[in-house]
Amino acid sequence: MYIEMNAKEMSNIMNMQPQLDMDLENKYLLLTPGPLSTSATVRRAMQKDWCTWDQEYNSLVQDIRNRLVNLATSEPEKYTVVLMQGSGSFAVESVLGSAIPRDGKILIINNGAYGARMVQMARCLNIEVVELNYLETQSPDLQEIERVLEDKTISHVACVHCETTTGILNPIQEIGCLVKAAGKIWIVDAMSSFGGVPIDIAELEIDFLISSANKCIQGVPGFGFILAKRDCLEACKGLARSVSLDLYDQWNTMEQYNGKWRFTSPTHVVRAFYQALLELEAEGGVAARYQRYLQNQQTLSQGMQQLGFELVLGEECPQSAIITTFLYPTAKSFSFQSFYETLKKSGYVIYPGKVTDLNCFRIGNIGEVYIHDIEGLLAAIASYCESHLNQAVTA
Ligand SMILES: *Cc1c(COP(=O)(O)O)cnc(C)c1O
């Protein structure tokens, strides 16, 4: 079967080209935790096609791997990195499914949707799980963790660093000390923090750290990566519960064949990621990027509170520079959908809330977002409050 096309229709299609080019400029800024706003140069880096087994492409992959290990620690010789196709969750699942032996048992510390997702994955993979649950607005209890870790049959512990559900920053340094003192393997989902919050994985004694292309490195979505202690990764040989997500096999192919992926790799995304890494370095590395995010977050948080909005996280909760959660204003006339649509028309896309039992929304600070963008957003929100809520939210 084929669709017949006359000359006019054909020429219409050909004429769409200039229109597409004009659309390359973003219509709005994404104030979301990823996919996020990327730079025009990162997007432009995707315009060429690459051959997956070509040496030029594979050396690009090796270069990316080297840069990632050096971003993660001052002791790069102890660590290695695997790139894994798919969104961030695929990378998390590849670690859970490949690192835990059949007689292993994992403790998962859960204070949000991403901790809960790890529990769901472990159960689905038939891994024995001990779950420590906290409210989404609560920091994990270190004494309780220490007590649970006395269980000798627990072999692995996993926790999210920045729980993107609220923006809370979990105390991975303190938890890591307990995990290591108890002799367990330490897995950290640093998806939304790696590259935007300074961390040294060797200092923190992390065995597996997971992140993805479209968060603080500011690439586009398409793959995740796993930084792992070399000996821990070698120990995964033969343990995988899945072929496509076999962490050891993926790593072994990349090592043996100088940056070759086992299966089709997201070539354009990888090329854009390389550009994003160069731009991170040009900005001054993770420390400088962290300062930018921090300023964004502080300006946002203060400005919103001046407009009468309330934070969901209490002062006792460590707030990350990544994303902030606000309660809906109390004004009866408030509708999130109308708020969202109005801000979008002004050029800002915000994020719905994810906290159970609370009416809230989130605003991200990561990506190609600068202080003047946050100021512009605050002005748009102030104007919305005036026109739609009769200033009802003004303190
Ligand atoms: C984004 C994110 C993930 C992965 O989500 P995907 O939608 O699969 O990319 C996992 N954990 C955290 C903490 C995240 O922020």
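Labelled according to an unreviewed UniProt entry, the chain appears under the name 2-aminoethylphosphonate--pyruvate transaminase, originating from Acinetobacter pittii. Quoted verbatim from the Subunit (unreviewed entry) field of UniProt, the annotation for the chain is "Homodimer." Within the UniProt record for the chain, the comment given under Sequence similarities (unreviewed entry) is "Belongs to the class-V pyridoxal-phosphate-dependent aminotransferase family. PhnW subfamily."

Asks: So what exactly am I meant to see when it comes to the UniProt feature "binding site: substrate" (unreviewed entry) in the chain here?
Replies: In this structure's numbering, the residues bearing the UniProt feature "binding site: substrate" (unreviewed entry) are Arg362. Within the element layout of this structure, Arg362 appears in strand β14 (residues 360-364). With residues near it in sequence (within four places) discarded, Arg362 still touches Leu31, Thr164, Thr165, Ile323, Thr324, Thr325, Ile350, Tyr351, Pro352, Gly353 and Lys354. In this structure the side chain of Arg362 is engaged in a polar contact, spanning 2.7 Å, whose partner is the backbone oxygen of Thr164.

Asks: I would appreciate a short explanation of the site of the ligand in the present structure.
Replies: Close to the ligand lie Ser87, Gly88, Ser89, Tyr114, Arg117, Val160, Cys162, Thr164, Asp189, Met191, Ser192 and Lys215. At a separation of 2.5 Å, an oxygen atom of the ligand approaches a polar side-chain atom of Ser89. Bound to the protein, the ligand loses 86% of the 380 Å² it would expose on its own. With respect to the detected pockets, the ligand is housed in the largest pocket. Split by residue class, the shell around the ligand holds four nonpolar, five polar and three charged.

Asks: Explain the nonpolar core to me, please; I cannot follow it from the model alone.
Replies: Proteins that are soluble and globular tend to have nonpolar side chains buried together. With 51 residues, the main nonpolar core has Leu68, Leu83, Phe194 and Phe225 as its most contacted residues. Top element by residues in this core is helix α11 (residues 267-283). It accounts for eight residues. Contact partners of Leu83, with chain neighbours within four places excluded, come to Val61, Ile64, Arg65, Leu68, Phe223, Gly224, Phe225, Gln250, Met254 and Trp261. By size, the runner-up hydrophobic cluster in this structure holds 33 residues, among which are Val95, Tyr114, Met118 and Leu245.

Asks: I keep staring at the state of the cysteines and nothing clicks. Help me out?
Replies: Throughout this description, disulfide means a covalent bond between two cysteine sulfur atoms. Counted by the stated rule, this structure contains zero disulfides. Cysteine Cys360 is unpaired, with the sulfur of Cys317 as its nearest cysteine sulfur at 14 Å.

Asks: Help me out: how do you make sense of helix α12 (residues 285-306) in this one?
Replies: For an α-helix, 3.6 residues make a turn, and residues three or four places apart therefore share a direction. Taking 1.5 Å per residue, 22 residues should reach 32 Å; α12 reaches 32 Å between its end C-alpha atoms and fits that length. Burial in α12 covers these residues: Gly285, Val286, Arg289, Arg292, Tyr293, Asn296, Gln297, Leu300, Ser301, Gly303 and Met304. In this structure, the buried residues of α12 make contact with α4 (55-72), α11, β11 (323-327), β14 and α14 (371-389). Phi for Gly308, located one or two positions after α12, is positive at around 100 degrees.

Asks: I'm lost on the domain arrangement of the chain in this one. Help?
Replies: Frequently, the measure chosen for interface size is the accessible area removed from exposure when the parts meet. What the domain assignment reports for the chain is domain 1 (29-35 + 284-389) and domain 2 (40-282). Relative to domain 2, the C-alpha centre of domain 1 lies at a distance of 27 Å. Opposite the 27 residues of domain 1 that make contact, domain 2 presents 31 residues. Summed over both sides, the interface between domain 1 and domain 2 buries roughly 2,300 Å², with carbon and sulfur atoms accounting for 59% of that surface. By the criterion of area lost to domain 2, the three top residues of domain 1 are Val286, Arg289 and Lys354, representing 25% of everything that side buries.

Asks: Would you mind going over the environment of Tyr248 with me for this structure?
Replies: With respect to the helices and strands, Tyr248 occurs in helix α10 (residues 247-256). Using a relative accessible area of 12% as the deciding quantity, one classes Tyr248 as buried. It is 18 Å that separates the C-alpha atoms of Tyr248 and Asn66, two residues lying 182 residues apart in sequence. When neighbours within four sequence positions are excluded, Tyr248 is seen to be in contact with Leu233, Glu234, Cys236 and Lys237.

Asks: What exactly am I supposed to notice about the sheet that holds strand β9 (residues 208-212) here?
Replies: Remark on secondary structure: sheet strands pair via backbone hydrogen bonds, oriented parallel or antiparallel. If you trace the seven strands from one edge of the open sheet to the other, you get β2-β10-β9-β8-β5-β3-β4, paired in mixed fashion. Edge strands, defined here as strands with exactly one partner in the open sheet, are β2 (79-85) and β4 (128-133). Strand-to-strand twist in this sheet, taken as the mean axis angle between neighbours without regard to direction, amounts to 20 degrees. Note: strand β3 (residues 105-110) against β4, six bridges, orientation parallel. What sits directly across from Leu107, in β4, is Val130. This element, helix α6 (residues 113-124), spans β3, β4, β5 (156-160) and β8 (185-189) of the sheet and lies at about 160 degrees to β3.

Asks: It is not clear to me how the sheet that holds strand β13 (residues 351-352) should be interpreted in this structure. Could you clarify?
Replies: Spatially, three strands are ordered β11-β14-β13 in an open sheet, and the strand pairing comes out antiparallel. Looking along the sheet, the strands with just one partner apiece sit at the ends: β11 and β13.

Asks: Looking at this structure, how should I read the packing of α12 against α14?
Replies: Following both chains from N to C, one finds α12 and α14 inclined at 15 degrees, their axes separated by 9 Å at the closest point. As summarised for this structure, α12 and α14 are arranged roughly parallel, according to the angle between their axes. The two elements α12 and α14 cross, and the hand of that crossing is right-handed. Together, Gln295, Asn296, Thr299, Leu300, Gly303 and Met304 of α12 and Ile371, Ile374, Glu375, Leu377, Leu378 and Ile381 of α14 make up the contact between the two elements. Looking at side-chain class alone, the contact of α12 with α14 contains seven nonpolar, four polar and one charged residues.

Asks: What should I look at first to understand the packing of aromatic side chains in this one?
Replies: What characterises a pair of aromatic rings is the spacing of the ring centres plus the angle enclosed by the ring planes. Tallied over the entire structure, the rule returns 17 aromatic pairs. Of the aromatic side chains, those joined through ring pairs into one cluster are Phe309, Phe326, Tyr328, Phe334, Phe336, Phe339, Tyr340, Phe361 and Tyr384. Its guanidinium or amino end placed over the ring of Tyr114, Lys215 lies 5.8 Å from that ring's centre, counting from NZ or CZ. Looking at Arg292, its charged tip hangs above the ring of Tyr370, at a distance of 4.5 Å from the centre.

Rules used throughout
- Residues numbered from 1 in each chain as written.
- Predicted model: local features only at pLDDT ≥ 70, side-chain atom pairs only at ≥ 80, totals over all residues.
- Heavy atoms only, no water.
- UniProt positions renumbered as here; feature names shortened; annotations may be inferred.
- Helix = DSSP H or I, 4+ residues; strand = E, 2+ residues; numbered from the N terminus.
- Contact = heavy atoms within 4.5 Å.
- Polar contact = N/O pair within 3.5 Å; in protein donor to acceptor, adjacent residues only side chain to side chain.
- Near = heavy atom within 4 Å.
- Areas by Shrake-Rupley, 256 points an atom, 1.4 Å probe, with all protein chains shown as cover.
- 1 Å grid on protein atoms, 1.4 Å probe; cavity = no way out; pocket = protein on both sides within 12 Å on 5 of 7 lines; lining within 4 Å.
- Sits in = over half its atoms within 2 Å of the grid points.
- Nonpolar A, V, L, I, M, F, W, Y, C, P; charged D, E, K, R; others polar.
- Core = buried A, V, L, I, M, F, W, Y, C linked by side-chain atoms within 4.5 Å.
- Buried < 20%, exposed > 50% of the residue type's maximum accessible area, 1.4 Å probe, protein only.
- Disulfide = S-S within 2.5 Å.
- Expected span 1.5 Å × (residues − 1).
- Domains from an automatic or database assignment.
- Buried area = accessible area lost by both parts, 1.4 Å probe.
- Pairing = 2+ DSSP bridges.
- Axes fitted to C-alpha atoms, helices over the stretch in contact; angles between N-to-C directions.
- Parallel < 35°, antiparallel > 145°, perpendicular 65-115°, else oblique.
- Left-handed = near helix turned anticlockwise from the far one by under 90°.
- Phe/Tyr/Trp six-rings, centres within 6.5 Å; stacked < 30°, edge-to-face > 60°.
- Lys NZ or Arg CZ within 6 Å of the ring centre and 35° of its normal.

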